[in-house]
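Chain by chain, the residues:
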Amino acid sequence: MLFENYFSRRDFLAQTVLASGGLLFCGCGSQGSAREGANSVPTVPVTETPAAVPPKSETATEVASSDTAPEAKPLIVYFSHSGNTRVIAEYIQKFTEAELWEVKSVKPYPEDYNTVVEQAKKEIDAGFQPEIQPLPENLSAYSTIFVGSPCWWGTVAPPIATFLTGRNLSGKTIAPFMTHEGSFMGRTIADIRKYCPQANVLSGLPIRGGSVRSASSDVEKWLASLK
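Anyway, here's the lowdown on the structure attached to this text.

Calculation notes
Residues numbered from 1 in each chain as written. Predicted model: local features only at pLDDT ≥ 70, side-chain atom pairs only at ≥ 80, totals over all residues. Heavy atoms only, no water. 1 Å grid on protein atoms, 1.4 Å probe; cavity = no way out; pocket = protein on both sides within 12 Å on 5 of 7 lines; lining within 4 Å. Points joined across faces, edges and corners; volume = space filled by probe spheres on them. Helix = DSSP H or I, 4+ residues; strand = E, 2+ residues; numbered from the N terminus. Nonpolar A, V, L, I, M, F, W, Y, C, P; charged D, E, K, R; others polar. Buried < 20%, exposed > 50% of the residue type's maximum accessible area, 1.4 Å probe, protein only. Pairing = 2+ DSSP bridges. Right-handed = clockwise from strand over helix to strand, strands pointing away. Phe/Tyr/Trp six-rings, centres within 6.5 Å; stacked < 30°, edge-to-face > 60°. Salt bridge = Lys/Arg side-chain N within 4 Å of Asp/Glu carboxyl O. Axes fitted to C-alpha atoms, helices over the stretch in contact; angles between N-to-C directions. Parallel < 35°, antiparallel > 145°, perpendicular 65-115°, else oblique. Left-handed = near helix turned anticlockwise from the far one by under 90°. Contact = heavy atoms within 4.5 Å. Core = buried A, V, L, I, M, F, W, Y, C linked by side-chain atoms within 4.5 Å.

In this section: the layout of surface pockets. In this structure, the largest pocket occupies an estimated 430 Å³ of space. Tyr-113, Pro-150, Cys-151, Trp-152 and Glu-181 are the residues nearest the centre of the largest pocket, which is lined by 18 residues in total. Going through the elements one at a time, helix H6 (113-126) and strand E4 (173-180) are the ones with two or more residues in the lining of the largest pocket. Counting residues per element, the lining of the largest pocket draws most heavily on H6, at 4 residues. Its residues assigned to classes, the lining of the largest pocket shows 8 nonpolar, 9 polar and 1 charged. Considered as a void within the structure, the second largest pocket measures approximately 200 Å³ in volume. Lining the second largest pocket are Phe-95, Thr-96, Thr-144, Phe-146, Thr-173, Leu-202, Glu-220, Leu-223, Ala-224, Leu-226 and Lys-227. Mapped by element, the contributors of at least two residues to the lining of the second largest pocket are helix H5 (84-96), strand E3 (142-150) and helix H9 (216-226). Considering every element that reaches the lining of the second largest pocket, the biggest residue donor is H9, with 4 residues.

To continue, consider the pairing of E3. Remember that side chains alternate between the two faces of the sheet whenever the strand is regular. Summarising burial for E3: 7 of the 9 residues are buried, a large majority. Sheet topology places strand E1 (residues 73-78) next to E3; 5 bridges connect them, and they run parallel. Within E3, the position partnered with Tyr-78 by the bridge is Gly-148. Across 7 bridges, the pairing between E3 and E4 is parallel. Considered in E4, the bridge of Phe-146 is made with Ala-175. Read from E3 through helix H7 (residues 158-165) to E4, the crossover connection turns out right-handed.

Under the defined criterion, the tally for this structure stands at 5 aromatic pairs. Pairing Phe-79 with Trp-152 gives two aromatic rings, centres 5.6 Å apart and planes at 80 degrees, and the pair type is edge-to-face. Placement of the pair is Phe-79 in the loop between E1 and H5 and Trp-152 in the loop between E3 and H7, with a sequence separation of 73 residues. The class for Trp-152 is buried, based on a relative accessible area of 12%. Chaining the aromatic ring pairs together yields one cluster made of Phe-79, Tyr-109 and Trp-152.

The next subject is the pattern of salt bridges. Under the criterion given, the structure shown has 8 salt bridges. In this structure, Asp-191 and Lys-194 form a salt bridge, with 4.0 Å as the shortest nitrogen-oxygen distance. Here Lys-194 and Asp-191 lie together in helix H8 (residues 188-195), a separation of 3 residues that amounts to about one turn. Salt bridges sharing common partners tie together Arg-187, Asp-191 and Lys-194.

Following both chains from N to C, one finds H5 and H9 inclined at 55 degrees, their axes separated by 10 Å at the closest point. The orientation of H5 relative to H9 falls into the category oblique. As for the relative orientation of H5 and H9, their crossing is right-handed in sense. Here Ile-88, Tyr-91, Ile-92, Lys-94, Phe-95 and Thr-96 of H5 come into contact with H9, specifically with Ser-216, Val-219, Glu-220, Trp-222 and Leu-223. Here the contact of H5 with H9 is composed, by residue class, of 7 nonpolar, 2 polar and 2 charged.

Core analysis: the biggest nonpolar cluster contains 32 residues, and Trp-101, Val-103, Leu-139, Trp-152, Phe-163, Leu-164 and Ile-174 have the highest contact counts within it. Sorting the residues of this core by element identifies E1, H6, E3, H7, E4 and H8 as the ones contributing at least two each. With 18 residues, the next largest nonpolar core counts Ile-76, Ala-98, Leu-205 and Val-219 among its residues.

Put into structure tokens, the structure is as follows:
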């Protein structure tokens with residue numbers, strides 16, 4: 001529009017000057033003089049003014065956009081044995097559009113409930129952290145990490161302890177969520193702070209395992225409280 005308006009004004013002025021010059025020279029009664037007068041009308045250079053208008057705003061916009069760092073996004077990391085914690089993790093993903101990572105131990109836990117409870121107690125009492133299947137190491141793109149686990153003997157499952165202690169989470173915000181059958185968060189917050197002393201650990205969300213299918217609104221409220 002800037003150049004379009006400029007050329008419109010230029011054409012109008014040129015035509016006005018031409019018309020005025022024609023009238024003046026026609027009054028002298030000489031066709032030759034009229035032609036000379038028309039040729040002597042100064043014209044506005046076409047290239048000077050457009051070339052002199054620097055695209056300052058465009059250049060500034062391009063520089064600003066190239067210097068803008070990508071916005072950090074949230075991440076959900078969870079371990080689920082029965083599937084209950086996975087349900088809550090997927091609710092969080094639905095509301096936040098966060099990336100979803102599932103932690104899996106290299107050696108799967110037994111499916112039988114009593115057997116896995118007994119094994120979990122031995123591992124937690126011994127401070128054992130099992131080997132987990134590979135996950136990306138670089139967490140620089142994530143500012144907030146939702147960490148989910150079943151509450152086993154009052155704390156996170158050992159595979160989650162392996163994940164937390166195996167990465168540098170300094171400066172990250174950690175929002176824990178747990179599924180339980182009566183122990184709520186247990187000592188989870190204190191243990192995560194022990195594993196990640198330089199992280200900002202928020203208050204957690206405990207959901208009873210038998211209520212996960214109807215917990216969508218509870219998850220949404222909790223997420224809203226974190227903002």
